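Each chain, written out:
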Amino acid sequence: MAPLADRAPQQSTASPAAPPAGHPPVLPNYPRAHVPTKPVLSRDSFRRAGGHAPSILDTREALLVTSGRVAIALALRQMGVGPGDRVLMPSYHCASMIEPVVWLGATPVFYRIHGDTQVNLEDVAAKLAGAKVMLATNYFGFPQNLSALRAFCDQHQLMLLEDCAHCFLGEHQGRPVGSFGDYAIASTMKFFPIYEGGCLVSARHSLAPVRLQAGGFKFEAKMAVNALEDGFEYRRLGTVRRLLALPLGLKNFLLGQLKRHSHGAPAAMAPRSSEGGFGFDPAWLHKRGSLFSRLMLRLVSRGRMGELRRSNYLRLQSALAGLPGCRPLHAVLPERVYPWVFPLYVDLPGPVFDSLKKDGVPIVRFAEYLWQGVDATVCSNSVELSRHVLQFPCHQELQEQELDWMIDKIKTAMLAARAP
Ligand SMILES: *Cc1c(COP(=O)(O)O)cnc(C)c1O
């Protein structure tokens, strides 16, 4: 994501910044979130805690790239998807999942999901004709019934692409997420205090044919500087900032240099995905993730990440239990599930969203805009989830008082929305 100062103030989500064609943008001028929507770097990020958390990177082969959408495109290519092919895609999605399919010249065929976000296999079975790949998403960090999906795909000679963008950590029946698909992808920037990052893994195929190149000095510098800047922005690195007067001077120097040398082509320095946009930019297809991001993936404690995501989620769940006008999308948090966000079904999402955004409460709206043509006749559950499910951060860098503040604001907004 962009340094906060550069970010469009109205941007409400970790996914779209602008809706795809056919959806007129509605962009009220909301203040920037008072609390970080995604993890920012803090001194605690590296603290070991929580024991082992299974992750998509436990899979045999992994490549670190610059975004999840790029990893989707690479995976589809490895599976031989090209012009004229049909790819089974969930009706509940964000545009950045669909863009790579369209970019490859293939046609997305949208299948239904159930109200709890599980894949509707009966509907997939009815849409198999001519499809060779199915993408399935482990929404919000809650895995699909992956063994059933795997068996279904084997039975129908389909290849499975597991979308773990929300599910960097987790397991199903004792095996890590990402190990059921022919390929799996993740969006590491959703889980780590980094500015850009995605990964492509495979438990079944060699990734050797995928060639990656380094992004170059400017890219490396900008990615490190931006990630640090997010940490400073939310005052997570206060003491570090004082201690590191020199590196900060260095940072300003670097930024100055970058600005001077990037006249006319600032976009080329960072993948657009990191700015929260929809866009799929093929220029980033074969770029290796930045040194900084790769270092963070090694150093940031996954155990602590998993433990805190669970405890923050449970705190939101118990604080909001019984609140009128809303309910958690999932009644319980199963063992070994490490959520990306806390999804809350809200009866009157319009006024609640608006009042929370005005107060600077961070809200993620995955799937706020569905692809053109995906309406209630295609999948009424997806349309309903798209409208009613607001997601609140539960990431490992939220502080206790920030969570309490968020909870308080959510309660107030829910009660106000009910008032006549
Ligand atoms: C965010 C997201 C992606 C794409 O990841 P980026 O890193 O933003 O490119 C893919 N699938 C799902 C379900 C996502 O939420």
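Residues numbered from 1 in each chain as written. Predicted model: local features only at pLDDT ≥ 70, side-chain atom pairs only at ≥ 80, totals over all residues. Heavy atoms only, no water.

Caption draft 1: Quick look at the site of the ligand. Around the ligand sit 14 residues in total, of which R69, D163, H166, S187 and K190 are the nearest. One of the backbone nitrogen or oxygen atoms of G68 is found 2.7 Å away from an oxygen atom of the ligand. Separating a nitrogen atom of the ligand from a side-chain N or O atom of D163 is a distance of 2.7 Å. When the ligand sits alone it has 380 Å² of accessible area, and the protein chains cover 98% of it. Those elements that place two or more of their residues in the shell around the ligand are α1 (68-78) and α2 (95-103). Each residue belonging to the shell around the ligand can be placed in one class, and the counts come to five nonpolar, six polar and three charged. (Near = heavy atom within 4 Å. Polar contact = N/O pair within 3.5 Å; in protein donor to acceptor, adjacent residues only side chain to side chain. Areas by Shrake-Rupley, 256 points an atom, 1.4 Å probe, with all protein chains shown as cover. Helix = DSSP H or I, 4+ residues; strand = E, 2+ residues; numbered from the N terminus. Nonpolar A, V, L, I, M, F, W, Y, C, P; charged D, E, K, R; others polar.)

Caption draft 2: Representation of the confidence of the model for the protein chain within the structure. When the pLDDT values of the protein chain are averaged, the result is 88; 83% of them are 70 or greater. For residues 1-19, every residue scores under 50 in pLDDT, and the model assigns this stretch 63 contacts once sequence neighbours within four places are set aside. For residues 263-267, every residue scores under 50 in pLDDT, and the model assigns this stretch zero contacts once sequence neighbours within four places are set aside. (pLDDT = per-residue confidence, 0-100. Contact = heavy atoms within 4.5 Å.)

Caption draft 3: Geometry of the packing of aromatic side chains. Per the counting criterion, the structure on display carries 13 aromatic pairs. Here Y30 and F353 contribute two aromatic rings whose centre-to-centre distance is 6.0 Å and whose plane-to-plane angle is 85°, an arrangement assigned as edge-to-face. You can see Y30 sitting in the segment before β1 (61-65) and its partner F353 sitting in helix α10 (residues 349-358), a full 323 residues away along the chain. Among the residues examined, Y30 registers a relative accessible area of 5% and is labelled buried. (Phe/Tyr/Trp six-rings, centres within 6.5 Å; stacked < 30°, edge-to-face > 60°. Buried < 20%, exposed > 50% of the residue type's maximum accessible area, 1.4 Å probe, protein only.)

Caption draft 4: Focus on the sheet that holds strand β2 (residues 86-90). Pairing is mixed in the open sheet, where seven strands are placed in the order β1-β9-β8-β5-β4-β2-β3. Strand pairing shows two members of the sheet lacking a second neighbour, β1 and β3 (107-111), which therefore form its edges. Adjacent strand axes in the sheet meet at a mean angle of 20° when their direction is disregarded. Relative to strand β9 (residues 198-202), strand β8 (residues 183-186) is paired through three bridges, and the arrangement is antiparallel. Within the sheet, the bridge partner assigned to I185 lies in β9 and is L200. Along the sheet, helix α4 (residues 146-155) makes contact with β4 (131-137) and β5 (159-163), crossing β5 at roughly 155°. (Pairing = 2+ DSSP bridges. Axes fitted to C-alpha atoms, helices over the stretch in contact; angles between N-to-C directions.)

Caption draft 5: The arrangement of helix α12 (residues 400-418) in detail. Between the first and last C-alpha of α12 there are 28 Å, a value that for 19 residues agrees with the 27 Å anticipated at 1.5 Å per step. When we look at burial in α12, the residues that qualify are E402, L403, M406, I407, I410, A413, M414 and A417. End-on, the buried residues of α12 take up no more than an arc of 135°, which puts them together on one face. Along α12, exposed side chains directed more than 90 degrees from the buried face belong to E400, Q401 and A416. Buried-residue contacts for α12 involve α9 (302-320), β10 (326-328), β11 (341-346), α10 and β12 (389-393). (Expected span 1.5 Å × (residues − 1). Arc of directions from axis to C-beta.)

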